[in-house]
Amino acid sequence: MGEEVTETRKEISLVFAVNGQRFELSNVHPSTTLLEFLRSQTPFKSVKLSCGEGGCGACVALLSKYDPELDQVEDFTVSSCLTLLCSVNGCSITTAEGVGNSKAGFHPIQERFAGFHASQCGFCTPGMCVSLFSALVNADKTNRPEPRPGFSKLTVSEAEKAIAGNLCRCTGYRPIADACKSFAADVDMEDLGFNSFWKKGEIDEVKMSRLPSYNHSNASSKFPEFLKKEIKAGSNLVSEGYRWYSPTSVEQLQSLLKMDENNDGTSMKIVVGNTGTGYFKELQCYERYIDLKYIPELSIIMKDQTGIEIGAAVTISKAIKALKEENEYEFHRGKRVFKKIADHMEKIASTFIRNSGSVGGNLIMAQRKQFPSDIATILLSVGTLVNIMTGQKLEMLTLEEFLEMPPLHSKSVLLSIKIPFCESWIKKGISSETGTKLLFETYRAAPRPLGNALPYLNAAFLAEVSLCINSTGVMLNNCQLAFGSYGTKHSIRARKVEEFLTGKVLSIGVLYEAIKLLGTTITPEDISNPAYRSSLAVGFLFEFLNPLVDTPAEIFSGWLSGYNSADWFIDSKVKQNNGQFDEIKLPTLLSSAKQVIQSSKEYYPVGEPIPKSGAAIQASGEAVYVDDIPSPNNCLHGAFIYSTEPLARVKGIKFNPGSPDGVAALITVKDIPGENLGFTSIFGEEPLYADELAQCIGDRVAFVVADTQKHADLAAELAMIDYDKENLEPPILSVEEAVERCSLFEVPPFLCPEQVGDFSKGMAEADHQILSAELKLGSQYFFYMETQAALAVPDEDNCIVVYTSTQSPEFTHDTIAKCLGLPGHNIRVITRRVGGGFGGKAIKSIPVATACALAAYKFQRPVRIYMNRKTDMIMAGGRHPMKITYSVGFKTNGKITALKLDILIDAGIYADVSFIMPEHMVGTLRKYDWGALSFDIKVCKTNLPSRSAMRAPGEVQASFITEAIIEHVASTLSIEVDSVRNINLHTYNSLDLFYKSNAGEPMEYTLPSIWDKLATSSGFYNRTEMIKEFNRSNKWRKRGISRVPTVHEVIVRPCPGKVSILKDGSIVVEVGGVELGQGLWTKVKQMTAYALSLIQCGGTEEFLERVRVVQADTLSLIQGGMTAGSTTSESSCEAVRLCCNVLVERLTALKERLLKQMESIEWETLIMQAHLSSVNLSASSLFIPAISSTSYLNYGVAVSEVEINLLTGETTILRTDIIYDCGQSLNPAVDLGQIEGAYVQGIGFFMLEEYPTNSDGLVTANGTWTYKIPTVDTIPKQFNVEILNSGHHQNRVLSSKASGEPPLTLAVSVHCATLAAIKEARQQLRSWSGLKESNSTFQYLKVPATMPVVKELCGLDSVHKFLQWTMGRN
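Residues numbered from 1 in each chain as written. Predicted model: local features only at pLDDT ≥ 70, side-chain atom pairs only at ≥ 80, totals over all residues. Heavy atoms only, no water.

S.K.: So what exactly am I meant to see when it comes to helix α7 (residues 174-181) here?
M.R.: The periodicity of an α-helix, 3.6 residues per turn, causes residues three or four positions apart to be oriented the same way. Extensive coverage of α7 is indicated by the burial of eight of its eight residues. In the core, the buried residues of α7 are packed alongside α4 (108-115), α5 (125-139), α6 (156-162), β21 (595-596), α38 (1228-1248) and β47 (1278-1284). (Buried < 20%, exposed > 50% of the residue type's maximum accessible area, 1.4 Å probe, protein only. Helix = DSSP H or I, 4+ residues; strand = E, 2+ residues; numbered from the N terminus. Contact = heavy atoms within 4.5 Å.)

Structure representation (structure tokens):
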């Protein structure tokens, strides 16, 4: 053994390539990730840190490995935030810059992303592009037929799935999917959505010629030749007492494990892909890392006549490939079983995690740490065996025995698993000639269909069935039923149910007893939604066995006549009768969608759908965000230490002994030279740090600075705060308590909205009344892809420059100046672009920048922070939760006569911008003609993190409240809900009453015409009838459809602008608005080009190329205010237009003089002459909207259709149609992106995103594992959007209207459609229970309407009720 140990001690350096550049490192800490290295040691910043747990795809890189024996390169994506740098020895890494860039030329992927308008804030775009690049490279290696010129060998389905693990918060995914599909060999060009390459109606050949050309034959990633010569087997590395071992044999591994015997495994870590750290976060550092990838026995994939053996270090992706491959031993016997196992495995995590995570690692996590593994469940059902090595001892166990063992000792290693072939599953003594068949099915209920989400429950069932001799039924000879861990520590076999079913002829009665038995076998404890998970288990078993009960005669005959000995496997999902479970088998994820826009030439190039400014460099990763700015010399990194108590005195802070080296200092309230301010504005103030008393969980207590971000985060995580709660009142943790204890914020009178009409009179006129009904709404997290970030750099003469990702540079500037006690001219705040804001960087970013500035000022060293996702989620606050009580009066025809609302808004501990909430809410509450509208809105102060203005603040909650009331009225009257909406839409007169001067002219009120137009274009009435028919003929799937309007009030705020023309004729523009991904810079460029083209000289047609919009700089352009409320783009455009008008006026006099000397004049000549003549070529302005145009109304309508699965509660959005009035759009492509993106963010709020806290207010969904934003597989399957060009609006900026927030409120249509489907399910459930209609009471659908919520309303016991009803009929 000594020989092996010596061999493992040879140390060499780490050699790899990044984008073709060679790197050789001799001193690497083994815990360093690929992402840390790329971002800190190379110029390649396209890999972005967003979640830090492999759940978002922002950090995806392509890893290429060369196999010298086969002379082949293997290319696959990895999550660089989890991949350890030491594990990439001998590999070539390609980032988005390596795919293509502005210097060497953009790749067609990047050009198409730009042209399909598939990048908004751009933070996620490089990861998307690399994911697609990997899919292209691997598809083009296959031996599929040659594709058409310009296409790859990729299929449409693969193109969509390529980005299924990548999150985007801006676009709504549809344009991203189109950009990906444009490469697919089987794409129908008609299916590709709106883009800048071709015009509607052009033939395919023309469309193809306009797309950036792609040549699949040279698509591969180039593996550097120099690296091929340096490929070695495992290499061992040493770094300051830390070691990385790569053993190449089991003997070497045994010897290494023996070395660690004394430490009980605490100082050693075994790794393959390191993906487990995404779920089980590690705070400690190990001394030794052992990489198992180079041990042949752990990497085998071996098939023989007994089954398939898979090494424990084999990645999940390679296991999937092996299970799908044909082989000589199968004779079709295990083929379908293996394929189904592989299909299920494809739903685990995402491609870039499966590419590095190993099968063995997954099972070890399940066994040691109770990870809810899908692999454990599906392998348990097919009798899988595991091989374990402990010291010299080898043993083979069943997977069931392995899972039930005590946690595996650190000296023990899982070597391989063995999945036996079908023969070993067949009960001995039964011949396949008697008509024996094998059934195998896997099940998974998860928030996302394609994976990238842990399941609520998984299951896998294997059964052997045969026909009874007299053909009266199906005999279940034996079965293996495996369920995922719910209420148990790991996946289990339902042994009692198996024993009960074995040897029985299946009938409704047998099925009913089996399901009852299942309920008593597993009783969930200590998990969320236990009753829901139990009902899923029942639903899965029912779905598996029910098709075999009372099987129709034709299936019998088909079964027998089609029988041959080679294929004795039936697919339980194929043989299902009555359309009970028939899934809609869409060939692809998304079907063809229509985008209807009308561009206008009147103010050319304003109105043109040009691609977003900077989209290509966003796709290549060259666009610079705050954390991409290289760290200046001597830079420190900071992290917040926050309170973990809702109300307590802070006595002191100390660091755990395990805290990392490199911690420089701790900054608290005592270090502030000026005022203790984390934020100051017209809305109020908030302290930077708690002064003695921490008032909520997440309250900032201190700021730790260290030499790296990793060390700062670790120190903050390990910090211990000493609290004292003596003589303190209990914290206020609910709005009810706040009202009881009079803890309220006083809303300034000018922000208090007015009541409408006489409520008492309206109630007196009503035929019916609903009194004191209650609603509750929770919060939503912003989930910007870029978390809060800032960099502060001290400058000469007591000045400081702060780079920050903020929507409010001006407020940030003011706050820092006051906090540091410095005059404003000593502070300079710069914001170039923001990686998503959605309101979360309006106020919440200010204390982050201020903390950095304070630390930089104190130490006279640069200080930066990039907040980790968990801390960001705990401190963010998010959308305002609220409690609503309403009373409503209405006529028998559904016309509402009066509405009264009592609303309690949870603002949290500080006011933030909560004062605006009443006005914003009432703006949307007035969207229907209620006759009279009375309200009492209280803004409650609680000991919870302060809430902030999230996109459509108050309006999205109000859209739910209005629709819930309409639904309640319709339910009470038993009439169609659409007719109640219709009868309560405003006439122009009622609109004028409710909105007063903001109603505009009668011709501007387009809602009634949009309402009718969408009914026709979406086929609303026809589809409503078809849905009724569908629901009559389907027991376990129900559909619903809903049409919903929005009336959305926006406010136009002042905005500064500055336009300067340089000597060469190029133009530099500054505006008060910040580019957040909403296309503000793009619209400003268009406006500049239009307004300056009015000079009418030669060369102005190329103006767009001449214009550059530069970053916000608070010393260069003052009074920038806040980029929020949907109207900053138009305000910025108008400010620029005012500047251009001044410049045109100055230049016109010169032009007229010059034209006397020459026939015509070019732009460059004019500008050169202007310089020589000392004409002032810079103009500034401050746009202040006229009183008549400070606010206006936006209109839109959406129709959404959904389908719910009654067994799981899963909701599929089949189709959404939207018509939205954009006035005369400044850029229809940008506005289309805003409409789709806002709508999908709304789907998140209404259907998916739970942001729960514990009883003290600590956020418990603090990462991508628990917080689920929409993904490409959860958006509408068909997504049709029409932008209405409603002509001229005198008081608007070139007749345009806002698009950023109003469409978000239309997503309530999905929620309403889901409720419609649930009503059908409940009606069916009542009929099974023998209840009459009158027993039904109106049921609210909670927000978000997650799978457990939907299933509960459809009946957790629906299967029991159905079986009882069926038995009763028989």
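S.K.: When you look at a negative patch on the surface in this model, what are you seeing that I'm missing?
M.R.: Negative charge collects at one region of the surface, where Glu-1101, Glu-1102, Glu-1105 and Glu-1162 lie side by side. Along the chain, Glu-1105 falls in helix α35 (residues 1103-1106). (Patch = residues over 30% accessible without salt bridge, like charges linked within 9 Å, V, L, I, M, F, W, Y side chains within 5 Å. Areas by Shrake-Rupley, 256 points an atom, 1.4 Å probe, with all protein chains shown as cover. Salt bridge = Lys/Arg side-chain N within 4 Å of Asp/Glu carboxyl O. Lys, Arg positive; Asp, Glu negative; His and termini not counted. Charge placed at Lys NZ, Arg CZ, Asp CG, Glu CD.)

S.K.: I'm lost on the nonpolar core in this one. Help?
M.R.: One finds Phe-483, Phe-703 and Leu-901 to be the most contacted residues of the largest nonpolar core, which totals 291 residues. Looking at this core element by element, the count peaks at 11 residues for α38. Once you skip the residues sitting within four places of it in the chain, Phe-483 turns out to touch Thr-377, Leu-457, Asn-458, Ala-459, Phe-461, Ser-491, Ile-492, Ala-494, Leu-518, Ile-522 and Ala-537. In terms of nonpolar packing, the next biggest core, distinct from the first, is built from 42 residues, Val-606, Ile-1061, Trp-1081 and Ala-1170 among them. (Core = buried A, V, L, I, M, F, W, Y, C linked by side-chain atoms within 4.5 Å.)

S.K.: Which parts of the structure should I look at to understand the pairing of strand β22 (residues 636-642)?
M.R.: Regular strands place their side chains on alternate faces of the sheet. In terms of residue burial, β22 counts as a mostly covered element, since seven of its seven residues are buried. Across two bridges, β22 lies against strand β35 (residues 863-866) in parallel orientation. What sits directly across from Leu-636, in β35, is Val-863. Across six bridges, β22 lies against strand β28 (residues 700-706) in antiparallel orientation. Paired with Ile-641 across the strands is Ala-702, a residue of β28. (Pairing = 2+ DSSP bridges.)

S.K.: How should the sheet that holds strand β7 (residues 242-245) be read in this particular structure?
M.R.: Strand pairing in a sheet takes place through backbone hydrogen bonds and is either antiparallel or parallel in direction. In spatial order, the strands read β6-β7-β9-β8; together these four strands make up an open sheet with mixed pairing. Sheet topology places β6 (237-239) and β8 (268-271) at the edges, where each strand pairs with a single neighbour. With strand direction ignored, the average angle separating the axes of adjacent strands in the sheet is 15 degrees. Examined bridge by bridge, β8 and strand β9 (residues 288-291) share four bridges and lie parallel to one another. The residue bridging Lys-269 from the neighbouring strand is Tyr-289, located in β9. This element, helix α10 (residues 250-259), spans β7, β8 and β9 of the sheet and lies at about 160 degrees to β9. (Axes fitted to C-alpha atoms, helices over the stretch in contact; angles between N-to-C directions.)

S.K.: Explain the side chain of Thr-1082 here, please?
M.R.: Relative to the helices and strands, Thr-1082 is located in helix α34 (residues 1080-1093). Residue Thr-1082 is classed as buried on the basis of its relative accessible area, which comes to 1%. When sequence neighbours within four positions are dropped, the list of residues in contact with Thr-1082 reads Ile-610, Pro-611, Lys-612, Ser-613, Glu-1075, Asn-1227 and Val-1230.

S.K.: Would you mind showing me how to read the pattern of salt bridges here?
M.R.: Here the structure, examined in full by the defined rule, presents 70 salt bridges. Close ionic contact of Asp-627 with Arg-864 constitutes a salt bridge, the shortest N to O distance being 3.9 Å. On the criterion of sequence distance, the pair formed by Asp-627 in the loop between α21 (615-619) and β22 and Arg-864 in strand β35 is long-range, its members being 237 residues apart. Arg-864 sits in the buried class, given a relative accessible area of 3%.

S.K.: Any chance you could explain the packing of aromatic side chains here in plain terms?
M.R.: Any aromatic ring pair is given by two values, namely how distant the centres are and how the planes are angled relative to each other. All chains considered together, the criterion is met by 46 aromatic pairs. Relative to Tyr-214, the ring of Phe-183 has its centre 5.2 Å away and its plane inclined at 85 degrees; by these criteria the two rings are edge-to-face. Of this pair, Phe-183 sits in the loop between α7 and α8 (204-210) while Tyr-214 is found in the loop between α8 and α9 (225-228), placing the two residues 31 residues apart along the sequence. The pair formed by Phe-183 and Tyr-214 is uniform in burial state, with each residue classed as buried. Considering the side-chain rings of Tyr-1005 and Tyr-1195, the 5.3 Å spacing of their centres and the 70 degrees angle between planes classify their relative orientation as edge-to-face. (Phe/Tyr/Trp six-rings, centres within 6.5 Å; stacked < 30°, edge-to-face > 60°.)

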